[in-house]
Amino acid sequence: MSILVNKDTKLVVQGITGRDGQFHAGRMKAYGTNVVAGTSPGKGGTTVDGIPVFDTVEEAVQATGANASIIFVPAPFAADAILEASYAGVDLVICISEGVPILDMIRVTPIIKRNDTKLIGPNCPGLITPDEALIGISPAMIFKKGNIGLMSRSGTLTYEVVNMLTQNDMGQSTVVGIGGDPVAGLYYIDLLEMYENDPETEAIVLIGEIGGDAEEQAAEYIAKHVTKPVVSFIAGQTAPPGKRMGHAGAIISAGSGTAEDKIKAFNKAGVPVAKEPSEIPGLLKEKMAEASA
Amino acid sequence: MNIHEYQAREIFSKYGIPVPSSVLCHSVEEVKDAMASIDHLVVVKAQVLVGGRGKAGGVKLAKTKDEAVKAAEQILGMDIKGFTVEKVLVADAADIEKEYYVGLISDRNSKSVTLMVSAEGGVEIEEVAKTNPELIYKFNIDPLTGLLDFQARNIAMKLFKDVKLARKAADIFQKLYQIYLDTDSTLAEINPLVLTPDNEVLAIDGKMNFDDNALYRQPELLAIREVDEDEQKEIDAKEKGLSYIKLDGNIGCMVNGAGLAMATMDMIKLYGGNPANFLDIGGSSNPQKVVDAMNILLSDKNVEAMMINIFGGITRCDDVARGLITALDIIKPKIPIVVRLSGTNAAEGLAILKETGLPTVTTMSEAAQKAIELSKK
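Residues numbered from 1 in each chain as written. Chains lettered and ligands numbered in written order. Predicted model: local features only at pLDDT ≥ 70, side-chain atom pairs only at ≥ 80, totals over all residues. Heavy atoms only, no water.

*Asks:* Even after reading the chapter, I still don't get the overall build of chain A, so can you show me in this structure?
*Replies:* Of the regular secondary structure elements, chain A holds 9 helices and 13 strands. What you see for chain A is a C-alpha radius of gyration of 19 Å, in line with the 19 Å of a compact globule of 293 residues. If you line up chain A on its principal axes, its C-alpha atoms span 55 × 40 × 30 Å. Across the 293 residues of chain A, 64% fall into the buried class. Sequence-distant contacts, at least 24 apart, represent 72% of the contacts inside chain A between residues at least 6 apart. When the accessible surface of chain A is totalled, it reaches about 10,600 Å², and 50% of it is carbon and sulfur. On chain A, the mean spot of the 23 positive side-chain charges and the mean spot of the 34 negative ones are 2 Å from each other. (Helix = DSSP H or I, 4+ residues; strand = E, 2+ residues; numbered from the N terminus. Rg over C-alpha atoms; globule rule 2.2 N^0.38 Å. Buried < 20%, exposed > 50% of the residue type's maximum accessible area, 1.4 Å probe, protein only. Contact = heavy atoms within 4.5 Å. Areas by Shrake-Rupley, 256 points an atom, 1.4 Å probe, with all protein chains shown as cover. Lys, Arg positive; Asp, Glu negative; His and termini not counted. Charge placed at Lys NZ, Arg CZ, Asp CG, Glu CD.)

Here you go:
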């Protein structure tokens, strides 16, 4: 077990003939991910790295039974690509593209909900179930199979923490980068529920950042519904209000979305918040020892 | 991206939202000219890209030409929260029976555009939201249907008992929503929306913010965009594939990834230092990018030490190290630098950097402490 993806996931790569699509399709395949197809309108019938390319997602799904898609198309076309995958019946769509307009995502949301499509991203590094499926742009070598579930709004910060976990011999069940945009697909609460129900996940790391109140909501949810140990880290404690810290979602607006509020909410829910990323493995060990005592 | 009040009023007008007539003036002379044909009460308003103009004395009523000129003399050149007033709007002052608030925002939680209205207009809505949240009525607009006639009317009825007035307000809500969609807004506010004694409903002040990610399809907005010096730096950085925000401290940071860049700033603060900036160079070892990033950092004269924090993922640390050496050769910075490399091929990267004599470390905490120490020398 794991969440969302495993060795049975059949992946189609949308935008496989572009620079990023081609590069990462090859990496994912080399990792052992079951990459069954790629799409690129007008390039159907060709192959990339031995992966068959189709003109449409619908054709790719019909021919290969693909049930997950990853999107590498430029931001102006990302919303359309998400919808194409959704209408083709793909269950899980991961959108890597960065810079997608917010209103595009607002328009996409009710449609994918109606089609029962799960979305991760946009503007995210994707996800990985170590030793089974890498779906995204994460550096595969830092991950190790294990029982820590991790979710994060940021890419490199995730790698930083995963690397520390791996060095401390704490492997991961599934690591999900949910993306840094204000309007995105699956979020903390959806994933907390999945991790809670996953027998392979024993403890959870939640890496948050400033902006919005998703961390506060997650804290409330944890207090009510999560029995597994959770440890957190919040980036952006020194960020000034009104400035967008790289991620469109990382902005403190009108006094809300501050790191202070989020830390308070987690502490109230019994979730320790690391002062710096290097504290996370230690905090996890403490919480896990408490839980098994 | 933000725009001035006068620009928001122009957009409102174009879509048929009633606004009092006004003249934009860049000098006291222009105010004199504008007042030549006006013989009623006006309001002279500073046009700056920041809130709180009224409290700062940037908005004044004037009954006569002389008063308007006097007000303009006081307001033009005034400093409001670091912004110098270079323009004033001379607007007809409406008779106000009652003030309301109308706003649209993109709401992350409902993943929709939310319409907010309140009978508490003319004040800071954030304050109302904190002290009396029940006085704000919120409605999430279904993106598939838009704001339907009956929905707009029912919401307007929460503000106006008289259905004729409610219809006028409902029409304004729907027009504002259309503007919001057409311009890729992230915020569109009319505050206040006013009712006049002769039963007109008017937009007296407007505020709009736009989605930077959508500017590629908003040529009209790009054409009226105004940026200050710091913002220009941020825009220049973006064109080079860098994300830069200037801050007040003295330790320059160069990091790959937004989250890690924020965590780096936090770490510097945690150990008693002050970050000079947020700078995300993205995932690339391209020496040109490092050169561009260093130039931006060094253009900030407050920077006394630099902390380079790279987590090697797909971009390997040895490539990053080679890129750094090339960049250092070109720029030859005079301030102390500490480099932290971790992740893929970190050991190889650190070995390469050893030749340069730069202090190198493997953890973020060490890097932050070292950078702070070096900045004090």
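*Asks:* I tried to follow helix α3 (residues 78–87) of chain A on my own but got confused; where do I start?
*Replies:* Because an α-helix packs 3.6 residues into every turn, residues spaced three or four apart end up facing the same way. All names here are of chain A. Among the 10 residues in α3, 7 count as buried, and that is most of the element. Among the residues of α3, those classed as buried are Ala78, Ala79, Ala81, Ile82, Leu83, Ala85 and Ser86. Those residues of α3 that are buried are in contact with β1 (11–14), α2 (57–64), β5 (68–71), β6 (92–95), α4 (102–114) and β7 (118–120). Looking one or two places after α3, you find Gly89, whose phi comes out positive at around 90 degrees.

*Asks:* Even after reading the chapter, I still don't get helix α3 (residues 65–75) of chain B, so can you show me in this structure?
*Replies:* All names here are of chain B. Regarding α3, the residues found buried are Ala68, Val69, Ala71, Ala72 and Ile75. Looking straight down α3, one finds its buried side chains confined to an arc of 160 degrees; they lie on one side. The exposed set on the far side of α3, more than 90 degrees from its buried face, consists of Asp66 and Lys70. Buried-residue contacts for α3 involve α2 (28–35), β2 (42–46), β3 (59–62) and β6 (88–92). (Arc of directions from axis to C-beta.)

*Asks:* Sorry, what's going on with the sheet that holds strand β9 (residues 133–136) of chain A here?
*Replies:* Where strands meet in a sheet, backbone hydrogen bonds hold them as pairs that are either parallel or antiparallel. Residues and elements named next belong to chain A. The mixed open sheet is built from 6 strands, whose spatial order is β9-β8-β11-β10-β12-β13. Among the strands making up the open sheet, the edge pair consists of β9 and β13 (230–235). Looking at each pair of strands side by side, their axes are set apart by 15 degrees on average, direction ignored. In terms of strand pairing, strand β8 (residues 126–129) meets strand β11 (residues 172–177) through 3 bridges, oriented antiparallel. Each bridged residue has a counterpart across the sheet, and for Leu127 the counterpart in β11 is Val176. Relative to strand β10 (residues 145–152), helix α5 (residues 155–167) is tilted by about 160 degrees, and along the sheet it contacts β10, β11, β12 (203–209) and β13. (Pairing = 2+ DSSP bridges. Axes fitted to C-alpha atoms, helices over the stretch in contact; angles between N-to-C directions.)

*Asks:* What is the right way to read the pattern of salt bridges from this model?
*Replies:* Two side chains that carry opposite charge are able to pair once their charged atoms sit near each other. All names here are of chain B. This structure, assessed with the given rule, holds 27 salt bridges over all chains. The partner of Lys45 in a salt bridge is Glu5, and the shortest N-O contact between them spans 2.7 Å. Here the residue Lys45 occupies a position in strand β2, and Glu5 occupies one in helix α1 (residues 5–14), the gap between them amounting to 40 residues. Judged on exposure class, the residue Lys45 and its partner Glu5 are both buried. (Salt bridge = Lys/Arg side-chain N within 4 Å of Asp/Glu carboxyl O.)

*Asks:* Help me out: how do you make sense of the interface of chain A and chain B in this one?
*Replies:* Where the parts come together, the accessible area they lose is often given as the size of the interface. Of the residues lining the interface, 60 residues belong to chain A; the matching set on chain B comes to 48 residues. On inspection of chain A and its partner chain B, the count reaches 2 salt bridges. Viewed at the interface, chain B and chain A are joined by 13 residue pairs in polar contact (both at pLDDT 80 or more). If you list the elements that add at least two residues to the side of chain A that touches chain B, you get α1 (19–31), α4, α5 and β13 of chain A. Here the element with the most residues in the side of chain A that touches chain B is α4 of chain A; it accounts for 9 residues. (Polar contact = N/O pair within 3.5 Å; in protein donor to acceptor, adjacent residues only side chain to side chain.)

*Asks:* Any chance you could explain the environment of Leu358 of chain B here in plain terms?
*Replies:* All names here are of chain B. Relative to the helices and strands, Leu358 is located in the loop between α12 (346–354) and β18 (360–361). Since its relative accessible area comes to 18%, Leu358 is described here as buried. Placed 19 residues apart in sequence, Leu358 and Val339 show a C-alpha to C-alpha distance of 7.2 Å. Apart from residues lying up to four places away in sequence, Leu358 is in contact with Leu328, Ile337, Val339 and Leu353.

*Asks:* Would you mind showing me how to read the layout of surface pockets here?
*Replies:* The rolling of a water-molecule-sized probe over the atoms marks out the regions of remaining empty space. For the second largest pocket, the calculated volume is near 690 Å³. Mapped by element, the contributors of at least two residues to the lining of the second largest pocket are α4, β7, α6 (188–197) and α7 (214–225) of chain A together with β9 (136–141) of chain B. The element best represented in the lining of the second largest pocket is α4 of chain A, accounting for 6 residues. (1 Å grid on protein atoms, 1.4 Å probe; cavity = no way out; pocket = protein on both sides within 12 Å on 5 of 7 lines; lining within 4 Å. Points joined across faces, edges and corners; volume = space filled by probe spheres on them.)

*Asks:* How should I be thinking about the sheet that holds β5 of chain A in this particular structure?
*Replies:* The strand order across the open sheet formed by 7 strands is β3-β4-β2-β1-β5-β6-β7 (chain A), and the pairing between neighbours is mixed. Each end of this open sheet is capped by a strand with a single partner; those strands are β3 (47–48) and β7 of chain A.

*Asks:* Before we go on, may I ask you to explain the domain arrangement of chain B in this structure?
*Replies:* Here chain B is described as being made up of domain 1 (21–92), domain 2 (98–223) and domain 3 (229–375). Relative to domain 3 of chain B, the C-alpha centre of domain 1 of chain B lies at a distance of 45 Å. (Domains from an automatic or database assignment.)

*Asks:* What is the right way to look at the packing of aromatic side chains in this model?
*Replies:* Each aromatic ring pair is described using two quantities: the centre-to-centre distance and the angle formed by the ring planes. Under the counting rule described, the total for this entry stands at 3 aromatic pairs over all chains. Ring plane angle 45 degrees and centroid distance 6.4 Å describe the contact between Tyr159 of chain A and Phe311 of chain B, whose orientation is recorded as tilted. Of the two residues, Tyr159 of chain A sits in helix α5 while Phe311 of chain B sits in strand β16 (residues 305–312), which places them in two different chains. Both rings, one in Tyr187 of chain A and one in Tyr188 of chain A, keep their centres 5.3 Å apart while their planes meet at 75 degrees; by these two values the pair is edge-to-face. Over the ring of Tyr100 of chain B we find Lys98 of chain B, and its NZ or CZ is 5.2 Å from the ring centre. Here the basic side chain of Lys158 of chain B rests over the ring of Tyr137 of chain B, its NZ or CZ set 4.6 Å away from the ring centre. (Phe/Tyr/Trp six-rings, centres within 6.5 Å; stacked < 30°, edge-to-face > 60°. Lys NZ or Arg CZ within 6 Å of the ring centre and 35° of its normal.)

*Asks:* Hey, could you run me through the confidence of the model for chain B in this one?
*Replies:* Reading fine detail from the predicted coordinates is not recommended where pLDDT is low. Taken as a whole, chain B shows an average pLDDT of 91; of its residues, 99% reach a score of 70 or greater. Within chain B, helix α6 (residues 163–182) of chain B carries the highest mean pLDDT (98), whereas helix α4 (residues 125–131) of chain B carries the lowest (80). (pLDDT = per-residue confidence, 0-100.)

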